[in-house]
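Here are the chains, one letter per residue:
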Amino acid sequence: MIRIIFQRQKCIGCGSCVEVAPDRWKMNNIDGKSILIDAKGKKGFFTIELTDDEYQENKEAESICPMHIIRVEKY
């Protein structure tokens, strides 16, 4: 299993995460920031737990994010 944690309020809307992992990320048309699809938010942090099959593309999203606000961890 993996967990993705995203600090949305610091997102600058570059869209890198959407480019490398479009099945899990999309852009919000209203504020131009990324959305972690199906994640639950609490105090500005959005979290989702997934199977390992989404690990690689989301790990790439983590490494390519210029703001370093995506964390992908195995547990």
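Look a little higher up for the structure.
Here we summarise the structure given alongside this text. As the structure is a computational prediction, the values presented were derived from the model and not from experiment.

Overview of the packing of aromatic side chains
We describe a pair of aromatic rings using the distance from one ring centre to the other and the angle between the two ring planes. The tally for this structure, following the rule as stated, stands at one aromatic pair. Across the ring face of Tyr75, the terminal group of Arg3 is positioned such that the distance to the ring centre comes to 4.3 Å. One residue, Lys74, lies across the ring of Tyr55, its end atom 4.5 Å from the ring centre.

Some thoughts on the side chain of Arg8
Note that Arg8 resides in the loop between β1 (2–7) and α1 (16–20). Assessed through its relative accessible area of 16%, Arg8 is described here as buried. Other than its neighbours up to four places away in sequence, Arg8 contacts Asn28, Asp31, Lys33, Ser34, Ile35, Gly44 and Phe46.

Brief notes about the pattern of salt bridges
According to the stated counting rule, one finds seven salt bridges in the structure shown. For Glu49, the salt bridge identified is with Arg3, shortest N-O distance 3.3 Å. Here the residue Glu49 occupies a position in strand β5 (residues 45–50), and Arg3 occupies one in strand β1, the gap between them amounting to 46 residues. Arg24 is the salt-bridge partner of Glu54, the closest N and O atoms lying 2.9 Å from each other. Of the two residues, Glu54 is situated in the loop between β5 and α2 (55–64) and Arg24 in the loop between α1 and β2 (25–27); the sequence distance between them amounts to 30 residues.

With respect to the pairing of β5
Strand direction decides the pairing type here: β1 and β5, joined by six bridges, are antiparallel. The partner of Ile5 across the bridge, within β5, is Thr47. Where strand β4 (residues 40–42) lies against β5, three bridges are found, and the strand directions are antiparallel. By the bridge assignment for β5, Gly41 is matched with Phe46.

Some remarks on the sheet that holds β5
In spatial order, the strands read β4-β5-β1-β6; together these four strands make up an open sheet with antiparallel pairing. If you trace the sheet from one side to the other, it starts and ends with β4 and β6 (70–74), each paired once. Between one strand axis and the next, the sheet turns by 20° as a mean value, whatever way the strands run. Strands in contact with α2 are β1 and β6; relative to β6, the strand with the most contacts, it is inclined by about 145°.

Cut-off values and rules
- Residues numbered from 1 in each chain as written.
- Predicted model: local features only at pLDDT ≥ 70, side-chain atom pairs only at ≥ 80, totals over all residues.
- Heavy atoms only, no water.
- Phe/Tyr/Trp six-rings, centres within 6.5 Å; stacked < 30°, edge-to-face > 60°.
- Lys NZ or Arg CZ within 6 Å of the ring centre and 35° of its normal.
- Helix = DSSP H or I, 4+ residues; strand = E, 2+ residues; numbered from the N terminus.
- Buried < 20%, exposed > 50% of the residue type's maximum accessible area, 1.4 Å probe, protein only.
- Contact = heavy atoms within 4.5 Å.
- Salt bridge = Lys/Arg side-chain N within 4 Å of Asp/Glu carboxyl O.
- Pairing = 2+ DSSP bridges.
- Axes fitted to C-alpha atoms, helices over the stretch in contact; angles between N-to-C directions.

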